[in-house]
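Each chain is listed here by its residues.
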Amino acid sequence: MIRMAFGMVLVGIVVGYTLSAFATTIISDQGWFAASGEPAQARNYMVALLQREAENVNALRPQQDIVSQALAAQAAQQSQQQAKPLSLTYLGGGSSGRLSVQIYAVEVRANDGTQQLFSLALTLLGGKVVGTR
Amino acid sequence: MNEARAAFVLALFVGGLVSGVVVQRLTDSSGRSNPYPSLDRVDEPATSAQVATAILNGDAKTLAQLVDNETLTNLRDALMSPMGTPIADIRSVKFVGATSKAGRVLAGYILSGKDTQGTDAIVGFVLDLENGQIVGVN
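Fair warning: this is a prediction, and the values are worked out from it, not measured in the lab.

**Re the sheet that holds strand β1 (residues 83–96) of chain A**
Residues and elements named next belong to chain A. Strand order in the open sheet formed by four strands is β1-β2-β3-β4, with antiparallel pairing between adjacent strands. This sheet does not close on itself; its edge strands, each paired only once, are β1 and β4 (128–132). On average, each strand axis in the sheet is inclined to that of its neighbour by 30°, with strand direction left out of account. Bridge count for strand β2 (residues 99–110) against strand β3 (residues 115–125) is eleven bridges, and the pairing is antiparallel. Residue pairing for β3: Tyr 104 is matched across the bridge by Leu 120.

**Focus on the nonpolar core**
Of all hydrophobic cores here, the largest spans 47 residues; its most connected members are Tyr 45, Met 46, Tyr 104 and Leu 122 of chain A together with Ala 107, Tyr 109 and Val 126 of chain B. Excluding its chain neighbours within four sequence positions, the residues that come into contact with Met 46 of chain A are Leu 88 and Tyr 104 of chain A.

**A word on the interface of chain B and chain A**
On the chain A side, the residues contacting the 43 residues of chain B number 42 residues. At the level of secondary structure, the elements contributing two or more residues to the side of chain B that touches chain A comprise α1 (2–27), β1 (87–101), β2 (104–115) and β3 (120–130) of chain B. If you tally residues by element for the side of chain B that touches chain A, the top one is α1 of chain B, at 14 residues. Tallied by class, residues from the side of chain B that touches chain A come to 21 nonpolar, 15 polar and seven charged.

**A word on the confidence of the model for chain B**
Atomic detail in the predicted coordinates should be set aside for any region of low pLDDT. On average, residues of chain B carry a pLDDT of 88, and 97% of them reach 70 or more. Across the assembled chains, the prediction reports ipTM 0.76 with pTM 0.75.

**Describing the pairing of β3 of chain A**
Residues and elements named next belong to chain A. Linking two consecutive strands that pair antiparallel, namely β2 and β3, is a turn of four residues; a positive phi of about 90° is found at Gly 113 within it. The sheet contact formed by β3 and β4 spans four bridges and is antiparallel. Residue Leu 124 lies in a different strand from β4, and its bridge partner there is Val 129. Counting the residues in the hairpin turn of β3 and β4 gives two residues, including Gly 126, whose phi is positive at 55°.

**Some remarks on the sheet that holds β3 of chain B**
Residue and element names in this part refer to chain B. The four strands are arranged β1-β2-β3-β4 in an open sheet whose pairing can be described as antiparallel. Lying at the two open borders of the sheet, with one neighbouring strand each, are β1 and β4 (133–137). Strand after strand, the sheet turns through a mean of 30° between neighbouring axes, direction not considered. Sheet strands in contact with helix α4 (residues 69–78) are β3 and β4, and its direction is about 50° off that of β4.

Rules used in this analysis
Residues numbered from 1 in each chain as written. Chains lettered and ligands numbered in written order. Predicted model: local features only at pLDDT ≥ 70, side-chain atom pairs only at ≥ 80, totals over all residues. Pairing = 2+ DSSP bridges. Helix = DSSP H or I, 4+ residues; strand = E, 2+ residues; numbered from the N terminus. Axes fitted to C-alpha atoms, helices over the stretch in contact; angles between N-to-C directions. Core = buried A, V, L, I, M, F, W, Y, C linked by C-beta atoms within 7 Å. Buried ≥ 20, exposed ≤ 12 C-beta atoms within 10 Å, placed from the backbone. Contact = placed C-beta atoms within 7 Å. Nonpolar A, V, L, I, M, F, W, Y, C, P; charged D, E, K, R; others polar. pLDDT = per-residue confidence, 0-100.

Right, dumping it as structure tokens:
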């Protein structure tokens, strides 16, 4: 009896964990409810971008050819020498169908000591960043 | 006796199910936390609100008065759909948030509508203000 009770609880935990992980992935990839808050993919992309993690940035973009990946790595190295991120502020976003747009304000300090504040708008499709401006 | 046993087993399963969901939500590491500080949010600037209203109403005359030539050109580029076509039928322009630092304000907007090919489109644009005047757009 105890073994059966333990087994049922265990099966319940596994099923609940799996369903929750599946639902989280689907909701996130489809961009559902993205208008109500900051999607994890957008924040992950921004953090990876500011920390010059070229591999993580590439992982959040649609599959790219090897030359584009190399160019992105070079750009990350160059920006590392140019500016230090000071703040990252999520302004908000919206979605239409599977497309979602998320807007951030980024503050950096350049090598000459000047501070700059600029914005980045990310366009996401199916959990991938398909455009930045 | 059998019914009570069945109910007990079902309750154990449901309890495990709920526990599994809770554990997954607590251990979900798909989202990284923001390691940088965030700037304070500010209210929507009056000038950018007027620009947003002019865009929504298709009021080119007011838009021309509020925004200089170079910024208008940048605004036109910013309002291209992800497919690279202009958004011809604007249905909404929503203010999503603004922040400020050293006298500069960035005000973010989400515009949705249909592009010239009739496809639903959504774009984000940010108005850059200094001393209440629009000095740039992204």
